[in-house]
Amino acid sequence: MADTLAALRSLMASHSPPLNALIVPSEDYHQSEYVSARDKRRDFVSGFTGSAGIALISMNEALLWTDGRYFLQAAQQLSEQWKLMRMGEDPALDIWMADNLPKDAAIGVDPWCISVDTAQKWERAFAKKQQMLVPTARNLVDEVWKNQPRAETNPLIVHPLEFAGRSVADKLKDLRAKLVQEKAHAMIITALDEVAWLYNVRGTDVSYSPIVHAFAIVTLNSAFLYVDKRKLSSEANSYMKENGIFVREYGDISSDTVLLASDQLTPSSADKTPAGLNTETNCGKGTGNGEIQTAEFVNDLIWVDTGACCFALYLKLNADKVLPKQSPLALAKALKNPVEMKGLKNAHIRDGAAVVQYLAWLDRQVNDSFLEPLKFSLSSAVIDSLLKNFSEMQEIYGASGYFAEAESMSKNKLQDLNRLTEVSASDKLEEFRASKEHFRGLSFPTISSVGSNGAIIHYSPEAETCAELDPDQMYLCDSGAQYLDGTTDITRTVHFGKPTPHEKTCYTVVLKGHISLGSARFPNGTNGYALDVLARTPLWKYGLDYRHGTGHGIGSYLNVHEGPHQISFRPSAQNVPLQVSMTVTDEPGYYEDGKFGIRLENVLIVKEGNTKFNFGDKGYLTFEHITWAPYQRKLIDVSLLVPEEIQWLNDYHSKCSEILAPYLNQSEMEWLKNATAPIAA
């Protein structure tokens, strides 16, 4: 790590102009949250592996900023050469630079790895001391990263209409209508999930996200895809031609943006006109591929989502001709069509079955570990009898489990057993998911966390260092999968021994917040900023809280985190109101450093709400839960629940049992029946 910092500082000193500091963002050229191995530059220089954070290297300091999800993880991973800066508690990056770097300081950054909004915000902050943001011609981290992974050349995959629900032609038609409305003649699309959604393509360039590294430019009469052409099979090339999409090399986005700025970007004379694309003048009419002729329009703007577009491309445009506005594709993608909606519901049912199979299996493993020492002293007939009578076993031998609160067996009786670990357990969960129809992989690294590891909000266990499952500690499992028909994300927290009264209280108030938000009704136009408090109020009553947002959108076989809406205390959650057919998670939590973590998460769909009255004729909305897995009843302090919450819980569990029954065998169904038994008021 010290050698890396020294090498970077040497490059900074020899740069023209010499750099007083270098910023190393987490993002790639597309401002992605999750990036490929080649693009993990911030990880490489700092050793911090979380998905969010930004590094700053000066000639005598190295600092890393990250948010509340990663405070504990960053503190553990950063070496003594680095100082952790806690977002929301310490001065923000731009403020710190303006206040601590010298007057006239030159601060370098790769302009491909920061958004327009971020770059302009920093420039405003630097102006106070005549400091200067310097876009570097090359990425300095790449210069010192000797074993940097190569760029991916994985195949581009066409996403079938049976899962996408809408054709490329329809999506292009809608986008071009937006361009006309905004008096723009083109749009540069940089977000990977937006490119994938618009052209109905997927890929495997980034782990856990079915996307392909690509840019797109759409004009009123042409559509371009910028991608490594080696990724396109003959079938994929035919698909592009059929849909009127001209394919360029990935690196051509730079020169083509210059051409676009001077209104000279046209399909190359070497390219054949894609089948079905009418290039003849047809004023005022469209073509079958969404083309709009422009003779009657005066459209001279280029639409750029300045929150997502990299600064490098923006610098090639005439700022006076840029329409700086959020991409219309973000909202269009978030509003799931009926096919996507059906797919998401089906995917979550299969996924829920996998989670139930996992919990039932895990429960058996924990109890088997307590029976193992008894096999040397009891006959097989007695063991069989005990297994058949689970409740009797718990009563006599005090074995832990999913249902009972009995004391655990002493550790010395278990020391010779092969214990389950956070990784081996999560691998089993992946096995259950992999057996389900349309499975294509996980949607993010499984957060399988025991005891104090659960307090690390985005904990990522590693086989060599992870903890063993311990019946005396809480176990938090946040996981999800990618299916061709939908993306899933679910969190459940359980205890296989005897939870303390404090643990039960904390779990119950998190559950109360989860229920409060998930059963809310609210008027049209309400944003996630206004709803966030519903999940926190039950925790606040006990002086508890959590440092992350409460909900994020989720893709349709796309990114597990999807905007533009969210449920959060962050001001950005005010930007977009919740609307019918959006998906959003409901995931409050509580994390006690060094002890345990609790999170409960379901995916919800926003739908119309039935209310007796309709004040202001606004119309009201509510949520539909599409995640199916039980909450652990023995962790619930029923005395803290009101009758309406008990009724909600019993209704949810009843549906859970009914919906998952066709996907479970008899023993799994018996387990689920016990797990979803009604709670008495």
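Above: the structure in question.
Below is a summary of the structure that appears in this document. (Residues numbered from 1 in each chain as written. Predicted model: local features only at pLDDT ≥ 70, side-chain atom pairs only at ≥ 80, totals over all residues. Heavy atoms only, no water.)

Here the focus is helix H8 (residues 168-181). The α-helix winds at 3.6 residues per turn, so residues separated by three or four positions along the chain end up facing the same way. Compared with an ideal rise of 1.5 Å per residue, which puts 14 residues at 20 Å, H8 spans 20 Å between its outermost C-alpha atoms and is within 8% of the ideal. Residues of H8 that are buried include every one of Val168, Ala169, Lys171, Leu172, Leu175, Arg176, Leu179 and Val180, and no others. (Helix = DSSP H or I, 4+ residues; strand = E, 2+ residues; numbered from the N terminus. Expected span 1.5 Å × (residues − 1). Buried < 20%, exposed > 50% of the residue type's maximum accessible area, 1.4 Å probe, protein only.)

To continue, consider the pairing of strand E6 (residues 132-135). Two faces, one strand: in a regular strand the side chains alternate between the faces of the sheet. As paired strands, strand E5 (residues 106-109) and E6 are joined by four bridges and run parallel to one another. For isoleucine 107, the partnering residue across the bridge sits in E6 and is leucine 133. One crossover worth recording links E5 to the parallel E6 by way of helix H5 (residues 116-126), and it is right-handed. (Pairing = 2+ DSSP bridges. Right-handed = clockwise from strand over helix to strand, strands pointing away.)

Looking now at the sheet that holds strand E28 (residues 620-625). An order of E21-E28-E27-E24 is seen for the four strands of this open sheet, with the pairing classed as antiparallel. Each of the sheet's edge strands pairs with one partner strand only, and the pair in question is strand E21 (521-523) and strand E24 (583-586). In this sheet, neighbouring strand axes are inclined to one another by 40° on average, regardless of whether the strands run parallel or antiparallel. Taken together, the three bridges between E21 and E28 define a ladder with antiparallel strand orientation. By the bridge assignment, arginine 521 is partnered in E28 with threonine 622. (Axes fitted to C-alpha atoms, helices over the stretch in contact; angles between N-to-C directions.)

Turning our attention to the packing of aromatic side chains. In the structure shown here, the tally under the stated rule is 21 aromatic pairs. Geometrically, the ring pair formed by phenylalanine 48 and tyrosine 70 is edge-to-face, given 5.6 Å between the ring centres and 80° between the ring planes. Here phenylalanine 48 is found in the loop between helix H2 (41-46) and strand E2 (54-58), whereas its partner tyrosine 70 is found in the loop between strand E3 (62-66) and helix H3 (71-77), with 22 residues between them in sequence. Here tyrosine 70 falls in the buried class, since its relative accessible area comes to 2%. Residues tryptophan 65 and tryptophan 96 carry aromatic rings whose centres are separated by 6.1 Å and whose planes lie at 70° to one another, so their mutual orientation is edge-to-face. (Phe/Tyr/Trp six-rings, centres within 6.5 Å; stacked < 30°, edge-to-face > 60°.)

Along the chain, aspartate 351 turns up in helix H14 (residues 338-371). Accessibility expressed as a relative area gives 2% for aspartate 351, which makes it buried. Side chain to side chain, aspartate 351 and tyrosine 483 meet in a polar contact 2.8 Å long. Residues in contact with aspartate 351, not counting those within four places in the same chain, are Arg433, Ala481, Tyr483, Thr488 and Ile490. (Polar contact = N/O pair within 3.5 Å; in protein donor to acceptor, adjacent residues only side chain to side chain. Contact = heavy atoms within 4.5 Å.)

The subject of this paragraph is the pairing of strand E12 (residues 245-248). Burial along E12 is two-sided: Ile245 and Val247 facing one way and Phe246 and Arg248 facing the other are all buried. Of the pairings in the sheet, the one linking strand E11 (residues 223-226) to E12 comprises four bridges and is parallel in character. Bridged to leucine 225 within E12 is valine 247. Between the parallel elements E11 and E12, the chain passes through helix H10 (residues 234-242) in a crossover that is right-handed.

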